[in-house]
Amino acid sequence: MLQIDNLRKTFDGTKSERRSRVVAVDDLSLRVEEGQMFTLLGPSGCGKTTTLRCVAGLEHPDRGEIVVGDRPLFSDKRGIRLAANERGLGMVFQSYAIWPHMNVLKNVAFPLEVLPRSKRLPKKEIRARVERVLAVVQLEKMADRPATNLSGGQQQRLALARALVMEPPLLLLDEPLSNLDAKLREEMRFELKRLQRELNITAVYVTHDQVEALAMSNRIAVMRDGRVEQVGRPREIYERPSSRFVADFIGTSNFIDGTIESHETGDIYLVGTPQGRIRGSSSADLPVGEKVAVSIRPEYVDVQKGAAPTSDVVGRWSGVVQTRAFLGESVDHVIRVGELELRARCHPSLSFPPDTEVTVTLQEKMCSLIPVGE
Ligand SMILES: Nc1ncnc2c1ncn2[C@@H]1O[C@H](COP(=O)(O)OP(=O)(O)OP(=O)(O)O)[C@@H](O)[C@H]1O
Ligand SMILES: [Mg+2]
């Protein structure tokens, strides 16, 4: 549906940057399938907005190719560059500009009314389409209200309706929920996801909020310095981060330094660490002796009272609780195992005070191996 190949976009550097070019997007390629909610996720300044603006036609890329369906929108090699208004894409920005002097209905109808005469629909059809879209975003009862008399979430839905009314093949959303308070943002997440699924819209969604990305997306591309660091389903990105950067960015993770001792079956390796042996998986080919970091999320570290009876079970170690924190839905423990401080997230029914001797079991299916240096 959307295909981006080798996209590069630089900006003029300032004097203090010695006029060197600022590389905002660096050789970025990605594929978005029809009906997908595809999220660009990454820290501030990593090039998310610039990528979206290149697709929309609001930035002129240095090079690369952007194709929607079978229609090339930009290609430096083929000398193609469609103007933004010829691309026919829907966009919702962080600052959703609604028109304050129009009511809800007019706001949504406006993009259809300003189309060139040859493409414009008859008045009756415009009205029907607008009403349909307003029903979808559940604003049909407010059609006559001035747009300024809407709550933040309603204005957000109005901005969405205005993008949807064009029935774009591709919807571009740049942090569309960032102006909302936490509660409303959570509601709108589900709303947006529901709309996207019901209308079978293909959307590229930009956010720097990992929870939002995990909750909403079919696929996530984690970006770093203008490049894609990892692409995958939310669960894959969360459970099998391919680099330390991704693991760190997506949430708290434990990293245990170790060395590959042997290759077992499939993608499972045995790893030696100062704390003991552990099994983990990697899709990469790792030679014996390779230095790796074993990444495991706190929720996959099981804790039991009492020291381990033997030290020869792989992935089962004795430790001592250092601190704990009650987080409502869980209790976080920091557990010292030799020199290592391991974070474990437990069900609130399990809470161990400091200095308790415990056994930790690292769920081996959830241990992913990251080659050191990545
Ligand atoms: N018009 C511009 N002129 C110069 N540099 C720019 C311009 N627009 C963006 N940049 C730079 O390009 C890089 C990527 O910016 P971009 O806005 O795409 O980041 P982002 O991932 O959307 O960040 P955020 O999460 O903060 O919105 C940044 O280093 C930014 O300073
Ligand atoms: Mg941005």
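What counts, and at which threshold
- Residues numbered from 1 in each chain as written.
- Chains lettered and ligands numbered in written order.
- Predicted model: local features only at pLDDT ≥ 70, side-chain atom pairs only at ≥ 80, totals over all residues.
- Heavy atoms only, no water.
- Phe/Tyr/Trp six-rings, centres within 6.5 Å; stacked < 30°, edge-to-face > 60°.
- Helix = DSSP H or I, 4+ residues; strand = E, 2+ residues; numbered from the N terminus.
- Buried < 20%, exposed > 50% of the residue type's maximum accessible area, 1.4 Å probe, protein only.
- Lys NZ or Arg CZ within 6 Å of the ring centre and 35° of its normal.
- Near = heavy atom within 4 Å.
- Polar contact = N/O pair within 3.5 Å; in protein donor to acceptor, adjacent residues only side chain to side chain.
- Areas by Shrake-Rupley, 256 points an atom, 1.4 Å probe, with all protein chains shown as cover.
- Axes fitted to C-alpha atoms, helices over the stretch in contact; angles between N-to-C directions.
- Parallel < 35°, antiparallel > 145°, perpendicular 65-115°, else oblique.
- Left-handed = near helix turned anticlockwise from the far one by under 90°.
- Contact = heavy atoms within 4.5 Å.
- Domains from an automatic or database assignment.
- Buried area = accessible area lost by both parts, 1.4 Å probe.
- Expected span 1.5 Å × (residues − 1).
- Pairing = 2+ DSSP bridges.

**Considering the packing of aromatic side chains**
So, point 1. Summed over all chains, the structure comprises 2 aromatic pairs.
So, point 2. Measuring from centroid to centroid gives 6.2 Å for F245 and F249, while their planes differ by 5°, and the two rings are stacked. Of this pair, F245 and F249 are both found in helix α9 (residues 244–250), 4 residues apart, which corresponds to roughly one turn of the helix.
So, point 3. Under the relative-accessibility criterion, F249 is labelled buried at 15%.
So, point 4. A cation over a ring is seen here: R162 above W99, with NZ or CZ 4.2 Å from the ring centre.
So, point 5. For R297, the ring lying beneath its charged end belongs to Y238, and the centroid distance is 4.1 Å.

**Describing the site of ligand 1**
So, point 1. Taken together, the residues surrounding ligand 1 are F11, A24, P43, S44, G45, C46, G47, K48, T49, T50 and E175.
So, point 2. In the environment of ligand 1, an oxygen atom lies 3.0 Å from a nitrogen or oxygen atom belonging to the backbone of G47.
So, point 3. Taking T50, its side chain carries an N or O atom lying 2.5 Å from an oxygen atom of ligand 1.
So, point 4. Here ligand 1 loses 60% of its free accessible area of 630 Å² to cover by the protein chains.
So, point 5. Ranked by residue count, the leading element in the shell around ligand 1 is helix α1 (residues 48–56), at 3 residues.

**Re the environment of N218**
So, point 1. Mapped onto the elements, N218 comes out in the loop between α7 (210–216) and β10 (219–224).
So, point 2. Expressed as a C-alpha distance, the spacing of N218 and E33, which sit 185 residues apart in the sequence, is 9.8 Å.
So, point 3. From its side chain, N218 meets the backbone nitrogen of M37 in a polar contact 2.6 Å long.

**A few points about the packing of helix α3 (residues 104–113) against helix α5 (residues 152–164)**
So, point 1. Contact geometry of α3 with α5 gives a least axis separation of 8 Å together with a crossing angle of 30°. Judged by the angle between their axes, α3 and α5 are roughly parallel. Once α3 is placed against α5, the crossing between them reads as right-handed. Here V104, N107, V108 and P111 of α3 lie close against α5, whose contacting residues are L158, A161 and R162.

**Quick notes on the side chain of D332**
So, point 1. Turning to its location among the elements, D332 is positioned in strand β18 (residues 331–337).
So, point 2. A polar contact is formed between the side chain of D332 and the side chain of R345, at a distance of 2.7 Å.
So, point 3. The contact partners of D332, leaving out residues within four places of it in the chain, are T323, R324, A325, L327, R343, A344 and R345.

**Structural notes on the side chain of N103**
So, point 1. Mapped onto the elements of the fold, N103 is located in the loop between β7 (90–92) and α3.
So, point 2. Separated by 3.2 Å, the side chain of N103 and the backbone nitrogen of L105 make a polar contact.
So, point 3. Polar side-chain contacts of N103 include one of 2.8 Å to the backbone nitrogen of K106.
So, point 4. When sequence neighbours within four positions are dropped, the list of residues in contact with N103 reads A143, D144, R145, P146 and A147.

**Some points on the domain arrangement of the chain**
So, point 1. Taken domain by domain, the chain consists of domain 1 (2–244) and domain 2 (252–371).
So, point 2. Each of domain 1 and domain 2 has a C-alpha centre, and the two are 40 Å apart.
So, point 3. Taken together, the 9 residues of domain 1 in the interface contact 13 residues of domain 2.
So, point 4. Counting the surface lost from both domain 1 and domain 2, the interface buries some 890 Å², and carbon and sulfur atoms represent 44% of this.

**Notes on helix α6 (residues 182–198)**
So, point 1. Taking 1.5 Å of rise per residue, 17 residues should cover 24 Å, and α6 covers 24 Å from first to last C-alpha, within 8% of that figure.
So, point 2. Burial in α6 covers these residues: M188, R189, E191, L192, K193, L195 and Q196.
So, point 3. Packed against the buried residues of α6 are β3 (37–41), α4 (123–136), α5, β8 (171–174), β9 (203–207) and α7.
So, point 4. Just past α6, the residue N200 takes up positive phi, approximately 50°.

**Considerations on the sheet that holds strand β1 (residues 2–11)**
So, point 1. Judged by pairing direction, the sheet is antiparallel, and its 5 strands sit side by side in the order β2-β1-β4-β5-β6 without closing on themselves. The open sheet has two edge strands with one neighbour each: β2 (22–32) and β6 (80–81).
So, point 2. Packed on one face of the sheet, α1 meets β1, β2, β4 (63–68) and β5 (71–75) and runs near 115° to β1.

**Quick look at unusual backbone geometry**
So, point 1. Its identity as a non-glycine residue notwithstanding, E167 has a phi of 50°, on the positive side.
So, point 2. Relative to the elements of secondary structure, E167 occurs in the loop between α5 and β8.
So, point 3. Even without glycine at this site, N200 takes up a positive phi of about 50°.
So, point 4. The topology assignment puts N200 in the loop between α6 and β9.
So, point 5. Judged by its relative accessible area of 48%, N200 is partly exposed.

**Some remarks on the pairing of β5**
So, point 1. The pairing of β4 with β5 spans 4 bridges and is classified as antiparallel. Each residue of the ladder has a partner; that of V68, found in β5, is R71.
So, point 2. Between β4 and the antiparallel strand that follows it, β5, lie 2 residues; G69 among them carries a positive phi value of about 65°.
So, point 3. Inspection of the sheet shows β5 paired to β6 by 2 bridges, in the antiparallel sense.

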